[in-house]
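Chain residues, written in single-letter form:
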Amino acid sequence: MIQTKGYAAQSAETDLAPWNFERREVGPHDVLIDIKYCGVCHTDLHNIKNDWFPGVFPMVPGHEIVGIVAAMGSHVTGFKVGERVGVGVLVDSCRHCEECNNGLEQACTVSPVLTYNSIGHDGSPTYGGYSNNIVVDERFVLHVSNKLDFAAVAPLLCAGITTYSPLRNWKVGKGHKLAVVGLGGLGHMAVKFGVAFGAEVTILSTSAKKQRDAESLGAHQFVVTSEEAQVAAVRNSFDFIIDTVSAKHDLNLYLGMLKTNGTLICVGAPAEPYQIHAFSLLAGNKTIAGSGAGGLPQTQEMLDFCAEHNITSDIELIDMKNIHAAFDRMVKGDVRYRFVIDLATL
Ligand code: NAP
Ligand code: ZN
């Protein structure tokens, strides 16, 4: 077995603390990765707090993983020892359903295995990237360019693909007005991709303080959603809105900002159900949609796009022991714009 050091929550009521555990031996198709950096996704906090469903404990969070290939099985053909690689939200799937065959492994209808808080096909729990190594089947490992700042690539593995995927799937680009709700980890990546795809991008934020960052992120407009006049000025304005909010909020407000036939794409995952008034949808033929992460081929496409266009996340690098301070700031919306753990500090 592979000896691993990590940080785990022993239950939903306890803080994360150092925890040593074992990972499986490197199988013929596996890659052993020395983890260098791991992004802190709001999902990590939802999971360790049982916000959505009872979790698998002890839980080692982390699904924005980048590292270096340390070893591989004899049948691995796509990777080299010493190469930079990444792992996102998935480490396995059934590999034969229609979705898997179409490269939509995140939507596998048979047996998707998440990077942590999940049970692998061998019956053992999966543990994520708040740790110093991980063993992953090569199908679920991604190539990372040497051109980009390595730590700032980590958030692309979840925040990146989760926003890239819907913008690509709905073909958002030139001639479209796109709004992004919530300027956090996912939100700032949605702004960067929207701008890169040629859309006119507006940020819809609760934090007036973030306005000064809008321009450097490339956004064209910033709206503080508590300011009635600013909200009134953007009624019936947008072709698409991507909603990245992590907590309870009123979707009816945002549906009113869509043009006729506009689409609101939800990627945020608050614990509470949404309440939508029928007329928010009927008036103006509005569509509400959702999108979860992205499949392996599109994740590689996104990483390659980022390397070509020099896109990374804006990060604050933290020591492992400061994870709780980072969580506290994340809950307050005080993220600029993704915390990334330096695993050398483990
Ligand atoms: P984050 O960095 O904490 O950003 C969330 C942002 O939402 C905050 O910075 C804040 O932005 C805004 N916000 C927070 N509370 C709000 C409220 N009550 N009303 C309005 N706005 C509020 O979180 P994240 O890592 O980007 O994740 C966001 C959500 O996406 C989480 O629920 C996460 O679980 C989910 N997620 C989903 C997927 C998927 O596959 N669909 C993947 C990853 C994450 P402002 O300060 O600008 O208002
Ligand atoms: Zn995530």
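The paragraphs below set out a description of the structure included in this document. (Residues numbered from 1 in each chain as written. Chains lettered and ligands numbered in written order. Predicted model: local features only at pLDDT ≥ 70, side-chain atom pairs only at ≥ 80, totals over all residues. Heavy atoms only, no water.)

Quick look at the sheet that holds strand 15 (residues 287-290)
Sheets are built from strands that pair by backbone hydrogen bonding, the pairs being arranged parallel or antiparallel. Short version of the rule: In this scheme, strands are said to pair when DSSP sees at least two bridges between them. Here a helix means four or more residues in a row that DSSP labels H or I, a strand means two or more in a row labelled E, and each is numbered from the N terminus. Axes, fitted as lines to C-alpha atoms, cover a helix only where it is in contact. Angles between the N-to-C directions of the axes lie from 0 to 180 degrees.
A sheet is described by the order of its strands in space; here six strands give the open sequence 12-11-10-13-14-15, paired in parallel fashion. The outermost strands of the open sheet, each flanked by one partner alone, are strand 12 (221-224) and strand 15. Across the sheet, the mean angle separating the axes of adjacent strands is 20° when strand polarity is ignored. Pairing analysis gives five bridges linking strand 10 (residues 177-181) to strand 11 (residues 200-205), with the strands arranged parallel. Within strand 11, the position partnered with Val 181 by the bridge is Leu 204.

A short note on the site of ligand 1
Applied cut-off: Put simply, a residue is near a molecule or strand once any heavy atom of it comes within 4 Å of that molecule or strand. In the analysis that follows, any N or O atom pair within 3.5 Å is treated as a polar contact, provided that within protein one partner can donate a hydrogen and the other can accept it, and provided that, for residues neighboring in sequence, both atoms belong to side chains. Three classes are used, and their members are as follows: Ala, Val, Leu, Ile, Met, Phe, Trp, Tyr, Cys and Pro are nonpolar, Asp, Glu, Lys and Arg are charged, and the others, Gly among them, are polar.
Not every one of the 31 residues close to ligand 1 is listed here, only the nearest: Ser 205, Thr 206, Ser 207, Lys 210 and Arg 338. Note that an oxygen atom of ligand 1 is positioned 2.7 Å from one of the side-chain N or O atoms of Lys 210. Contacts to ligand 1 include Ala 293, whose backbone N or O atom sits 2.8 Å from an oxygen atom. Taken together, the elements giving at least two residues each to the shell around ligand 1 come down to helix 1 (42-48) and helix 5 (185-196). Sorting elements by how many residues they give to the shell around ligand 1 places helix 1 first, with three residues. Residues that form the shell around ligand 1 fall into these classes: eleven nonpolar, 17 polar and three charged.

Things to note about the packing of aromatic side chains
Where we set the bar: A pair of Phe, Tyr and Trp rings is counted when the ring centres sit within 6.5 Å of each other, with Trp represented by its six-membered ring. The angle between the planes then sorts it: under 30 degrees is stacked, over 60 is edge-to-face, the rest tilted. Think of it in three bands: with a 1.4 Å probe and only protein chains considered, a residue is buried below 20% of the maximum accessible area for its type, exposed above 50%, and partly exposed in between. A ring is scored as having a charge over it whenever the NZ atom of a lysine or the CZ atom of an arginine sits within 6 Å of its centre and within 35 degrees of its normal.
Applying the stated criterion to the full structure yields eleven aromatic pairs. Relative to Tyr 127, the ring of Trp 19 lies with its centre 5.3 Å away and its plane at 70°, an arrangement referred to as edge-to-face. Remark: Tyr 127 occurs in the loop between strand 7 (113-114) and strand 8 (133-137) and Trp 19 occurs in strand 2 (residues 16-23); sequence separation between them is 108 residues. A ring pair is formed by Trp 52 and Phe 53, whose centres lie 6.5 Å apart and whose planes are at 40°; its orientation type is tilted. A relative accessible area of 32% places Trp 52 in the partly exposed class. Put simply, the rings of Tyr 164, Phe 193, Phe 197 and Phe 305 touch in pairs and so form one group of aromatic residues. Lying across the ring of Phe 150, Arg 84 places its NZ or CZ 4.1 Å from the centre. In this structure, Arg 168 is placed above the aromatic ring of Phe 305, and the distance from its NZ or CZ to the ring centre is 5.2 Å.

Side note on the nonpolar core
Applied cut-off: Grouping buried Ala, Val, Leu, Ile, Met, Phe, Trp, Tyr and Cys residues that are joined through side-chain atoms within 4.5 Å yields what is termed a nonpolar core. Any pair of residues with heavy atoms lying within 4.5 Å of one another is described as a contacting pair.
Core analysis: the largest hydrophobic core is formed by 90 residues, its most contacted members being Tyr 130, Leu 178, Phe 193, Ile 323 and Phe 327. Ranked by the residues each element gives to this core, the list is headed by helix 10 (residues 296-309), at six residues. If near-sequence neighbours (up to four positions away) are discounted, Leu 178 is found in contact with Leu 167, Val 172, Ala 190, Gly 194, Ala 199, Glu 200, Val 201, Thr 202, Phe 238, Phe 240 and Ile 242.

Description of the pairing of strand 12
Keep this limit in mind: Look down the strands so they point away from you; if going from the first strand over the helix to the second traces a clockwise path, that crossover is right-handed.
In the sheet, strand 11 pairs with strand 12 via four bridges, with the strands oriented parallel. If you follow Ser 205 over to strand 12, its bridge partner there is Val 224. For the crossover that starts at strand 11, traverses helix 6 (residues 211-217) and ends in the parallel strand 12, the hand is right-handed.

Points about the coordination of the zinc ion (ligand 2)
This is how the line gets drawn: Metal-coordinating donors are taken as N, O and S atoms lying within 2.8 Å of the metal, or within 3.2 Å when the metal is Na, K or Ca; because water is left out, some sites can appear incomplete.
Around the zinc ion (ligand 2), the protein contributes the donor atoms Cys 41 (SG), His 63 (NE2) and Cys 158 (SG), at 2.0 to 2.2 Å from the metal centre. Read in sequence order, the donor residues coordinating the zinc ion (ligand 2) give the pattern C-x21-H-x94-C. Of this pair, Cys 41 sits in the loop between strand 3 (30-39) and helix 1 while Cys 158 sits in the loop between helix 3 (150-153) and helix 4 (159-169), placing them 117 residues apart in sequence. Note on accessibility: Cys 41 and Cys 158 belong to one class, buried.

Considering the packing of helix 4 against helix 10
The criterion, for reference: By the definition adopted for this analysis, an angle is roughly parallel if under 35 degrees, roughly antiparallel if over 145, roughly perpendicular if from 65 to 115, and oblique otherwise.
Between helix 4 and helix 10, whose axes approach to 10 Å, the crossing angle comes to 100°. Judged by the inter-axis angle, helix 4 sits roughly perpendicular to helix 10. Contact with helix 4, carried on its side by Gly 160, Ile 161, Tyr 164, Ser 165, Arg 168 and Asn 169, involves Gln 298, Thr 299, Glu 301, Met 302 and Phe 305 of helix 10 and no other residues of that element.

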